[in-house]
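Per-entry structural report
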Amino acid sequence: MEPSPANNPSAHDRELPKTPTKNQQTYGPPIVKSTPLSQTYAAHAEVEVSQRASILNNFLEDDVNDKVVLSLDEFATLILDLPADWKVKNDFNLPPESQAVKDAFEAYLAVAEKMPKGKGKQRKQTGVDEKPLYQPLANLLNALRGTQLKDHAIDEKVFYVQDPRPVLGSLLERKPDLGGIYRQLLQLADNRNLSTYLQKTRVTGVFWGLLLYFVEVKDHNGNFVGLNARRKASWAHSNKLPFESVDRQPASDAPAPPASTSTSMSASREQSIQVTIHQSGGKDKILQVEDALYEQKNRNQMEEEEKLTSTEGQHQTRIQCASYAKEMLSNGFIRHHAIGMTADSCAFRFQYYDRSKVVESQAFHILDEEWKTLFMAMVCQLNKLSSEQLGFIPNLHSDKFDHLRDPKQLARICKNNKDDLDGLVGASYRFECSDGLTRTFVIKRILYRAEGIVGRGSIVAEVECICAHSECKWHGQRKVIKISFPSRNRPSEDELLREAEFKANSTGNRWALNHLPTIVDSITVYYDETTVQCRLKEHLKENYEERVMRVDVLDKLQPLSELDNPRELAQVFYDILQIHQWLYECPRILHRDISMGNIMFRRMDGKVYGVLNDFDLSSRLQDMDKGPTSKHRTGTRPFMSHELLNPGWQGGHYYRHDIESLFYVVLCMACRYERPGVAAAEPRAYSEWFSGSDKDVCKDKTLFFTGDFPPTITTQPHFAGFQWWLDSIYQLCSSGYIDARQIRMRSRVKGSTDGSSSFDWTTLNKRVSYAEMRLVMSSFEDEPLETRWAGWDRDH
């Protein structure tokens, strides 16, 4: 309904573990064994989230805090696939002997070591910032391209200065200091001096899909990478490291494009940057970026950095780098992982981000000859990596060239408009389907992209099949394709839906099929031994979650935003209650992720049928006592039960938690929208549920149900018919939670199970049950809705 930055997401990628073996506690529901990393939450896709960077950065905290730190050698071999015998390979014999490399190192060190150090008056008086380091560092990194690239010019990559211009493709301004792109995209003449060209020419029009890797530059004498380095005068004559190291391995710190689009770029170094977009129909758009605005923002940011302690600076830098990786994974082409680097004066660190883990190298100092040599080999290796090794899924397709390296293809796909850009629109992906045909899908519209690093990273898009196979029945048809990276242990959505379909057919409940999505094909791609993910799993063991890439092709459904009639909307919500109950009773499947984006509808014979979508997080009931299928909790925060948001919650995921989520969906629709798809005026009700942390949302929802002052639920006029629903369901949930709290309190005081053994914890003493919900939701404005499933005679 409401877009998250640059996208229109639906689900918050946070996997709640299946319920392990039950143990009995003194009071309350059964205990479940704690889950590994259960407090580490996954990809943070917000349905309705503020565009403020501070809020989105909060969603990266858990991923960053659960990082793994590797030695530099481990990072080089595991992440960059540097051969263990690289020292004796001819491929890497250039760095020490190359005069160009020596000159580049000396030029960078000359600037880095002459930068004013310390804090306070000295730095303020000189007006120092990191900018003088940018170009020397870019020159150094470009000098380390390696002789092995001479015969592979199309693969040549180049580092360039990105700051102060933001990378395009996100509603938030993100400006990594240096970026890496394919050199061919610069359209350079072969005899042009790269260093001179990059110093005189601004590289414009870069969007997140083009960025191969990033570099963040600091000038805090190593403090912002956790390496407090002071050069010793006698380091060259000592067997010790040439610096004093503090915490060498730091612990964790607390719409479709026009049919034809082409671009041209012009730059004015003194005043502004202009990007002209030539569109079909003869209309041009000009994006003008004022440098002065960004320069002032940079100065303000650097002044704030001067106030940070070393620990604060390290944490801020980690979050800053993670935000770049998040954009690369969430707003660029579809990727498995992203790679970056931090340079703080003469101290460096490499970073890696994938859907399971954030990995850092230890911090190191390039004044040490051994680390310097390894650093040079790692940069050479980084420049050797293919687009797939850099994280792009290999299915990205163009007719003649790698999609990333063909400027004409990119110009046609990318509109280069900061306010309306998605590099995926117009891109084509090729997959081998289960019927043996290889099909090519061109992306027409992005329906949803998850925002975050660790998690499923789901991408849902409307596509058109453009394959030319005579046997293909999909040619020219519009489908929906979902690409995600779920846990390898979790049952696939296709598998669960096939079980539900079999149960519907075998029990005479074919009505249920009208309320389930139709998957026409499902493809699962596993990581093999040549991938970085496989190497990390072997090295990190249980501390790394195995994932797969899953591609589902589905028939199109309609979102709630296209349903304006309140009575039809009520029927959809009632349908969701019914199909959810049927799934629970018959195929014995609990959905576990009811949210606004996962409730859709189809229209047949003039009637609407609510469809419960997205079974990626669903579980079979018989499996919920066998242990977790994922190391990360998952759900959609604004619609999650307050108990599941509580870090101290020791219970499992219960039926009533899904019913509570359905209540939140109706509540937010009726109170936060003037009409479906039209947001109400600010301040909007319950906004804190969409921007707060888990702890904050949990606290607010707990008070909502059990506080001394019950809230007043006020619906928008268009949704006035839902007032009775909301008041009635609220009273049921509130009274149930209040009773549960009182029993827990009495049990704590008396140290006994007084009252708890007879209390039905699953339904809060039958208040949050299917029978009670049907009494409320089976009619709308005193007129009955269509009942499809009466359910069993017992409550759940």
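Residues numbered from 1 in each chain as written. Predicted model: local features only at pLDDT ≥ 70, side-chain atom pairs only at ≥ 80, totals over all residues. Heavy atoms only, no water.

The next thing to look at is the side chain of S778. Within the secondary structure, S778 sits in the loop between α20 (770-777) and β28 (779-780). Here R774 takes part through its backbone oxygen, which lies 2.7 Å from a polar atom of the side chain of S778. (Helix = DSSP H or I, 4+ residues; strand = E, 2+ residues; numbered from the N terminus. Polar contact = N/O pair within 3.5 Å; in protein donor to acceptor, adjacent residues only side chain to side chain.)

In terms of burial, strand β20 (residues 548-554) is largely enclosed, as 7 of its 7 residues are buried. Here β20 shows a buried face lined by V548, R550, D552 and L554 and a second buried face lined by M549, V551 and V553. Across 5 bridges, strand β18 (residues 478-484) lies against β20 in antiparallel orientation. Within β20, the residue paired with I483 across the bridge is V551. (Buried < 20%, exposed > 50% of the residue type's maximum accessible area, 1.4 Å probe, protein only. Pairing = 2+ DSSP bridges.)

As a further point, take the packing of helix α14 (residues 566-585) against helix α16 (residues 655-672). For the pair α14 and α16, the least separation of the axes is 12 Å and the interaxial angle reads 170 degrees. In terms of their interaxial angle, α14 and α16 are classed as roughly antiparallel. Contact residues: α14 offers L569, F573, I576, L577, H580, Q581 and Y584, while α16 offers Y655, D658, I659, L662, V665, V666 and M669. Residues that form the contact of α14 with α16 fall into these classes: 11 nonpolar, 2 polar and 1 charged. (Axes fitted to C-alpha atoms, helices over the stretch in contact; angles between N-to-C directions. Parallel < 35°, antiparallel > 145°, perpendicular 65-115°, else oblique. Contact = heavy atoms within 4.5 Å. Nonpolar A, V, L, I, M, F, W, Y, C, P; charged D, E, K, R; others polar.)

Below, the discussion takes up the pairing of strand β16 (residues 438-449). When a strand is regular, its side chains alternate between the sheet's two faces. Taken together, the 5 bridges between strand β15 (residues 428-432) and β16 define a ladder with antiparallel strand orientation. Bridge pairing in β16 places F431 opposite R439. Counting the residues in the hairpin turn of β15 and β16 gives 5 residues, including G436, whose phi is positive at 90 degrees. Relative to strand β17 (residues 459-465), β16 is paired through 7 bridges, and the arrangement is antiparallel. By the bridge assignment for β17, R445 is matched with E462.

Moving on: the pattern of salt bridges. In the structure shown here, the tally under the stated rule is 35 salt bridges. Between R318 and E360 there is a salt bridge; the shortest N-O distance is 2.6 Å. Residue R318 is located in helix α9 (residues 310-331), and its partner E360 is located in strand β12 (residues 358-361); the two are separated by 42 residues in the primary sequence. The pair R318 / E360 is uniform in exposure class, with both members buried. The salt bridge partner of R349 is E360, with a shortest N-O separation of 3.4 Å. In this pair, R349 is assigned in strand β11 (residues 347-354) and E360 in strand β12, connecting sequence segments 11 residues apart. Comparing R349 with E360 shows no difference in burial state: the two are buried. Here the salt bridges share partners, and the residues they tie into one network are K444, R445, E462, E464, R478 and K556. (Salt bridge = Lys/Arg side-chain N within 4 Å of Asp/Glu carboxyl O.)

What follows concerns the nonpolar core. Most often, soluble globular proteins have nonpolar side chains that are buried together. Formed by 118 residues in total, the largest nonpolar core has its most connected members in Y108, L137, F375 and Y429. The dominant element in this core, judged by the number of residues it contributes, is helix α10 (residues 369-384), at 9 residues. In contact with L137, other than residues within four places in its own chain, are Y108, L178, V215, V217, A343 and F348. (Core = buried A, V, L, I, M, F, W, Y, C linked by side-chain atoms within 4.5 Å.)

Spatially, 3 strands are ordered β21-β23-β24 in an open sheet, and the strand pairing comes out antiparallel. Here the strands that pair on one side only, and so sit at the sheet edges, are β21 (558-559) and β24 (607-612). With 2 bridges connecting them, β21 and strand β23 (residues 599-604) associate as antiparallel partners. Counted as the bridge partner of Q558 is F601 from β23.

Compared with an ideal rise of 1.5 Å per residue, which puts 14 residues at 20 Å, helix α12 (residues 493-506) spans 20 Å between its outermost C-alpha atoms and is within 8% of the ideal. Burial in α12 covers these residues: E493, D494, L496, L497, A500 and A504. Angularly, the buried residues of α12 cover 160 degrees about the axis, an arc narrow enough to put them on a single face. The secondary structure elements touched by the buried residues of α12 are β18, β19 (519-526), β20, α14, β22 (589-590) and β25 (619-620). (Expected span 1.5 Å × (residues − 1). Arc of directions from axis to C-beta.)

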